[in-house]
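Structural characterization, general
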Amino acid sequence: MKCPLAITGTGAVSPAGWGCTTLLEAIHSGASIACSELVRDIDGEILRTPVLRVSVEGATSPKFPRLRRTSPISKFAASAVAEALGAARLAEIAAGTLRVGVVFTVTNGSVNYSNRFFAEVLADSTMASPILFPETVFNAPSSHVSAMIGSAAPNDTLIGDSSGFLSGMDLAAEWLQRGEVDGCIVVCAEEIDWLSAEGLRLYSRSFIPSEGAAAIYLEHAKSPAQVLRLPDPVSLAFSSRNVAARKTRDRLGAEDDGETLLVDGCAGVPRFDKPEQMAWANWRGPRWSPRRILGEGMGVSSGLQVVAAVRALEEGTHRRAIVSAVGANQQAAGVLLGRI
């Protein structure tokens, strides 16, 4: 009989730095991360957008030929995946003894290269670089990841809102239960671009756009982070965000026992945070809100929440952990992790 599903590897890149250690240090400290600015000249008018970028210092992107010309989203994803898998698993994949699938979740995708390519098309279509075009498609980063680790197992890209990483976990669980893979990397990544950054702040000037990547390795195993409940998400097509948040809590069956950590999706923007604040209003146990520190990374945000929850369980300070994420326009979702 197979063991239940468990997360046995994590990787992260965030405005706090490269690696899971810097992510947890930032959450534990609660200190603000210094913003930088995106500056754009619109017919002589200067528009400044505060953003949280990933520093180039300490970069851990693997050396791989296909990553030389890629945009930041692929480099972030590659670094998080390499950290989550570790050297031993990478060697097994290369030897053909471990089938590892890749599920990539994203909201914006490769916006940097899309911007560059279509700017060239508009300026002079005869001079637009065909080298850039393959990097504009949504599944470009996932393709680079599979090539980097040498995997011929299934690969898929899901496009969704900031809760999409939980759907990626669900797809990975399905592949594992059908026996299509031995393990699965679920990875999300985003990169800063003026269009998505300015678009986010149209919803609220309090949002601070950010970037980065998160990855988990899911397999049949025993670990401090067993997948105890991964309920179906609640679609926002049929429920308000308030109702969806409450339904998600009910489906998770969470116990506020003082030993369960809640890692919520609150970003410090009252109008956006209200559904989760109401759903978890009576929660008295430990609670983390990574987006308040790391900014709103859109497609990467819930992935960083999951990584933070797993690392908290591995530290042994919490018996169980809940991740709650209410997306902007697609769904509300969550997962309950812990020892059986």
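This text gives an overview of the structure that appears in the document.

What counts, and at which threshold
Residues numbered from 1 in each chain as written. Predicted model: local features only at pLDDT ≥ 70, side-chain atom pairs only at ≥ 80, totals over all residues. Heavy atoms only, no water. Salt bridge = Lys/Arg side-chain N within 4 Å of Asp/Glu carboxyl O. Helix = DSSP H or I, 4+ residues; strand = E, 2+ residues; numbered from the N terminus. Buried < 20%, exposed > 50% of the residue type's maximum accessible area, 1.4 Å probe, protein only. Core = buried A, V, L, I, M, F, W, Y, C linked by side-chain atoms within 4.5 Å. Contact = heavy atoms within 4.5 Å. Polar contact = N/O pair within 3.5 Å; in protein donor to acceptor, adjacent residues only side chain to side chain. Axes fitted to C-alpha atoms, helices over the stretch in contact; angles between N-to-C directions. Left-handed = near helix turned anticlockwise from the far one by under 90°. Nonpolar A, V, L, I, M, F, W, Y, C, P; charged D, E, K, R; others polar.

1. A few points about the pattern of salt bridges
- With the rule as written, the count across this model stands at 11 salt bridges.
- With its nearest N and O atoms 3.5 Å apart, the salt bridge here joins E314 to R311. Of this pair, E314 and R311 both sit in helix α10 (residues 301-315), 3 residues apart, roughly one helical turn.
- Taking relative accessible area as the criterion, E314 reaches 37% and is therefore assigned partly exposed.
- A relative accessible area of 23% means that R311 is categorised as partly exposed.
- Each of E174, R178 and E180 takes part in salt bridges that share partners, so that together they form one network.

2. Concerning the nonpolar core
- If you look at the biggest cluster of nonpolar residues, it comprises 47 residues, and the most contacted ones within it are I7, L23, M169, I216, W288, V306 and L337.
- When near neighbours in sequence (up to four residues on either side) are disregarded, M169 contacts I7, V186, I216, L218, L230, V306 and V335.
- Core analysis: the next-biggest nonpolar cluster, separate from the first, contains 27 residues, F76, V100, F104 and V106 among them.

3. Notes on helix α6 (residues 194-201)
- The set of residues buried in α6 consists of S196, A197, E198, L200 and R201.
- In this structure D193 caps α6, since a side-chain oxygen of it lies 3.0 Å from the backbone nitrogen of L195.

4. Quick look at the packing of helix α7 (residues 241-252) against helix α8 (residues 270-279)
- Look at α7 against α8: their axes get within 8 Å of each other, and the N-to-C directions meet at 35°. The element α7 and its partner α8 pack so that their crossing is right-handed. Of α8, the residues touching α7 (which contributes R241, N242, A245, R246 and R249) are R271, F272, K274, P275, E276, M278 and A279.
- Residue composition of the contact of α7 with α8, by class: 5 nonpolar, 1 polar and 6 charged.

By themselves these figures say nothing about function.
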